[in-house]
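Examining the three-dimensional arrangement
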Amino acid sequence: MTDKRSSSAADRTEAIMRTTLELGQEIGYAKLSIEAVAARAGVGKHTIYRRWSSKGALFLDSLMLLNGPALDYPDTGDVIADLRQQIHAAIDLLDRPPVGPLYRALIAEALLNPQVAAALNDHFITPQAEKTVARLKVARDQGQLSPDFDLDLAMDILSGPLYFRALITQEPLTHEYVDRVIEALFAGIGPRP
């Protein structure tokens, strides 16, 4: 009996998350509401509020649960190729329609809503940064990077230009641009002869 209940709860959770993304794509993040998601998913809004405190938290969890594996790092032994592959996957997901405009709207809400900012940081920014730093640490331990380089700073250097372009200048994030950022970073952190 417990397996059926947990399976039913998992199915309901997935249906809510899929509905959130579908509805967000149709009407935009600004018009997205817990009530609209509940109505379309066929659940009570209290069912959603028990799991998520806001539409921002619901949207972010929906995005990450359904797309998170695409943002995991490979480990081929070549840190540059691995960073390139992971960051290409991230920009393919987060910079282009239908997810890109929704993600930018979520970031805009995070600037005004501390709960959404905390959820964004806890569920996306921090985990992705930790994955990047962990991959860089492995590369440093393998001698692919300078042993004294600040890996947290490397993460900031990698992500800063991408967010600047996506949020401030709103120029397209291309694979070629990502490659240029990675090449510039590694010119400074590679092992010294």
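Small disclaimer: the values here were computed from a predicted structure and weren't measured.

Once that is clear, we can look at the overall build of the chain. If you tally the helices and strands in the chain, you get 9 helices and 0 strands. Helices (α) and strands (β) of the chain occur, in sequence order from the N terminus, as α-α-α-α-α-α-α-α-α. Principal-axis analysis of the C-alpha atoms places the extent of the chain at approximately 65 × 45 × 25 Å. Across the 193 residues that make up the chain, the buried fraction comes to 43%.

Structurally, Leu 23 can be placed in helix 1 (residues 2–27). You can call Leu 23 buried: its relative accessible area is 6%. For the pair Leu 23 and Leu 83, spaced 60 residues apart in sequence, the C-alpha separation works out to 32 Å. Setting aside residues no more than four positions away along its own chain, Leu 23 makes contact with Gly 28, Leu 32, Ala 36, Val 37 and Arg 40.

Let's shift gears to the layout of surface pockets. Where empty space is left in the structure can be found by rolling a water-sized probe over the atoms. Estimated volume of the largest pocket: approximately 420 Å³. Surrounding the largest pocket, 23 residues form its lining, Ala 90, Phe 124, Ser 159, Leu 162 and Tyr 163 being those nearest its centre. Looking at the lining of the largest pocket, the elements that each hand over two or more residues are helix 5 (79–94), helix 6 (99–112), helix 7 (114–141) and helix 8 (151–169). The dominant element in the lining of the largest pocket, judged by the number of residues it contributes, is helix 8, at 7 residues.

The rules behind each value
- Residues numbered from 1 in each chain as written.
- Predicted model: local features only at pLDDT ≥ 70, side-chain atom pairs only at ≥ 80, totals over all residues.
- Heavy atoms only, no water.
- Helix = DSSP H or I, 4+ residues; strand = E, 2+ residues; numbered from the N terminus.
- Buried < 20%, exposed > 50% of the residue type's maximum accessible area, 1.4 Å probe, protein only.
- Contact = heavy atoms within 4.5 Å.
- 1 Å grid on protein atoms, 1.4 Å probe; cavity = no way out; pocket = protein on both sides within 12 Å on 5 of 7 lines; lining within 4 Å.
- Points joined across faces, edges and corners; volume = space filled by probe spheres on them.

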